[in-house]
Amino acid sequence: MSTYDRIYEIVRQIPVGQVATYGQVAELAGLFGKPRLVGYALYRVTSDADVPWQRVVNAKGEVSHSPQRQGTDYLQRDLLEAEGIVFSAAGKIDLRQYRWQPPLELVLKAEG
DNA sequence: TCCGTGACGCAAA
DNA sequence: CTTTGCGCCACGG
């Protein structure tokens, strides 16, 4: 069970139509204060990995862009809109509405 | 073993 | 609103 495996484990539990932030996923994976690791992990996700990577956005409710992604950022937005998530004119998601509330059991597990 | 490489978050100015 | 600076580290070659 590698660090990245723990991250993927959390992401797999985000329900359709909801999103989590990188920081949130990091905490639930027992990596408080290390949100970058989540980004690094998602960067390595492959299409056959069964991980809904599109449901992870940054703390501002935006899809994070990077030259390295080569268009998958637009794919991410498309996938989310297909799940019913609405983007503002500024390209942002209302986290108050769509943020995933993880089950208490998961939170307690993260706190160890 | 060493090193380059990154989808972030937050506070301050 | 924007720009800095810093924390932080697994993974592949």
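For the structure, check the block above.
These numbers were taken from a predicted model, which means no experiment stands behind them.

Asks: Just give me the short version of unusual backbone geometry, but keep the residues and values in it.
Replies: In this structure, Gln-70 takes a positive phi of about 50 degrees despite not being glycine. Residue placement: Gln-70 occurs in the loop between β2 (56-57) and α4 (72-82). For Gln-70, a relative accessible area of 73% gives the class exposed.

Asks: Describe in detail the protein's contact with DNA strand C, supporting the description with residues and values.
Replies: If you check the shell around DNA strand C, you find Ser-2, Thr-3, Tyr-4, Lys-34, Arg-36, Leu-37, Tyr-40 and Arg-44 and nothing else. Each atom of DNA strand C within 4 Å of the protein was assigned to sugar, phosphate or base; sugar and phosphate come to 71%. Ser-2 has a polar side-chain atom sitting 3.4 Å from a phosphate oxygen of DNA strand C. Arg-36 has a polar side-chain atom sitting 2.9 Å from a base oxygen of DNA strand C. At the level of secondary structure, the elements contributing two or more residues to the surface near DNA strand C comprise α1 (3-11) and α3 (35-43). Tallying contributions element by element places α3 first for the surface near DNA strand C, with 3 residues. Considering only residue class, the surface near DNA strand C consists of 3 nonpolar, 2 polar and 3 charged.

Parameters at a glance
Residues numbered from 1 in each chain as written. Chains lettered and ligands numbered in written order. Predicted model: local features only at pLDDT ≥ 70, side-chain atom pairs only at ≥ 80, totals over all residues. Heavy atoms only, no water. Helix = DSSP H or I, 4+ residues; strand = E, 2+ residues; numbered from the N terminus. Buried < 20%, exposed > 50% of the residue type's maximum accessible area, 1.4 Å probe, protein only. Near = heavy atom within 4 Å. Polar contact = N/O pair within 3.5 Å; in protein donor to acceptor, adjacent residues only side chain to side chain. Nonpolar A, V, L, I, M, F, W, Y, C, P; charged D, E, K, R; others polar.

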